[in-house]
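So the chains spell out like this:
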Amino acid sequence: MNFTISSSTLSGHLQAISRVINPKAIYPILEDFLLRVEDGHLTVTAADNDTTLETMLDLVESDGNGQIALPAKTLLDALKEIPEQPIRFEIDPSALTTVIRYQNGEYQVVGQNADEYPTPAVLQQEFTSLDIDSQILQNGLSRTIFATADDELRPVMNGIYFDIAMEGGLTMVASDGHKLVCSKNSNVATNGKSSFILPKKPATLLRSLLGKDSQNITVEFDSRIARFTMSDFRMVCRLIDGRYPNYNSVIPQNNPHHLCVDRQTFVNALRRVSIFSPASSGLIKLRIEKDSVDISAQDIDFSTSAKEGLVCQYDGVPMSIGFKAGFLIDILNNTPGQDIILKLADPSRAGVVVPAQQNEGEDLLMLLMPMVLND
């Protein structure tokens, strides 16, 4: 089995799927790439115990079909050192040896039997399918991943909840108990109501694979696994089993006091002031009055404090409210647009952050629980 392929094309695709590989894999063969040649096309697979990533490439030329497992790190490191040029793989499946020939030299690599490589999980006969624009999916993942939890006792919180509406539209939700992100998009056509929970690792991998070109991603899922099919990649992963909490019940329905401020100016001020917040709590205080918000922090143990004032638009009663600085900064960094609106009710109820301007069909909401102020 021999084939020729562009070195840079192969290297780029291998880099993309290599992120799934666990360097401490239970089975040594999961530290390999599975290379399969069939009818002039190359499919390369990388996997861990729960997620399988495949990439499909066109070959310059090929001679015969077959497959072999080759060590991923060796292949990646070797290809990185070769400038763009056609490279030829000469594979002897019976001896498990591979010679990689390039312009002025060659590599020799010993592989493993491809038959030992685990096969991806297969969807049940009854599964749900929908098509999502890649940009919609990428935006939803980017805005929610940071809010997922790392909670061994509540594994359903460790992923992104895909809530598919009967009448059309997709809502992606993530929460760690302190903050919650709810990203709705009505521009997704659906065939009925359904849902699943995507774990954080495959969600992160999927986000990195999605390009900015406007293409449809096919999503197929049953109660156990999900399969995402793109133009050059395919991912199959195990889903989180369990019932996601009713996120709508924790979203305040009436936060009448609205603060509008430039997002980046707000973030920069929070970063400066939060340096002086207590390391144990990260507490910062917002004192909000008409057309101004004062941000302050104080660390009594070290007798340090900071305060900074910003101009804003505020429609509501004067209020002091406390938040964990790191959480608020994370939310603002993941909210698109120039201006944000912080919706408040009172110092004991959750604050809601939304973009001042939202695209048609989008409804993004980020919620943050307050902290108790001592004064």
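Structure shown above.
Residues numbered from 1 in each chain as written. Predicted model: local features only at pLDDT ≥ 70, side-chain atom pairs only at ≥ 80, totals over all residues. Heavy atoms only, no water.

*Asks:* What should I look at first to understand the packing of helix α5 (residues 263-274) against helix α6 (residues 325-333) in this one?
*Replies:* For any two helices packed against each other, one specifies the inter-axial angle together with the distance between the axes. Between α5 and α6, the least distance of the axes is 10 Å, while the angle of their chain directions is 160°. Looking at the two axes, α5 sits roughly antiparallel to α6. The element α5 and its partner α6 pack so that their crossing is left-handed. Touching R263, F266, V267, L270, R271 and S274 of α5 are A325, L328, I329, L332 and N333, all from α6. (Axes fitted to C-alpha atoms, helices over the stretch in contact; angles between N-to-C directions. Helix = DSSP H or I, 4+ residues; strand = E, 2+ residues; numbered from the N terminus. Parallel < 35°, antiparallel > 145°, perpendicular 65-115°, else oblique. Left-handed = near helix turned anticlockwise from the far one by under 90°. Contact = heavy atoms within 4.5 Å.)

*Asks:* What exactly am I supposed to notice about the packing of helix α3 (residues 134-144) against helix α4 (residues 200-209) here?
*Replies:* Taken N-terminus to C-terminus, the directions of α3 and α4 make an angle of 135°; their axes are 9 Å apart at the nearest point. In terms of their interaxial angle, α3 and α4 are classed as oblique. At the point where α3 passes α4, the crossing takes the left-handed sense. Contacts between α3 and α4 involve L137, Q138, L141 and S142 from the former and A203, L206 and R207 from the latter. Its residues placed into classes, the contact of α3 with α4 shows 4 nonpolar, 2 polar and 1 charged. (Nonpolar A, V, L, I, M, F, W, Y, C, P; charged D, E, K, R; others polar.)

*Asks:* Is there a simple way to explain the sheet that holds strand β2 (residues 32-38) in this structure?
*Replies:* What the 8 strands build is an open sheet, ordered β6-β2-β3-β4-β17-β16-β15-β10; its pairing is antiparallel. What marks the edges here is a single partner per strand, and that holds for β6 (66-71) and β10 (128-133). Averaged over all pairs of adjacent strands, the angle between their axes in this sheet comes to 20°, without regard to strand direction. The sheet contacts of helix α1 (residues 7-18) involve β2, β3 (41-47), β4 (51-58) and β17 (233-238), and relative to β4 the element is tilted by about 170°. Contacts from helix α2 (residues 72-80) reach β2 and β6, with the element oriented near 85° to β6. (Pairing = 2+ DSSP bridges.)

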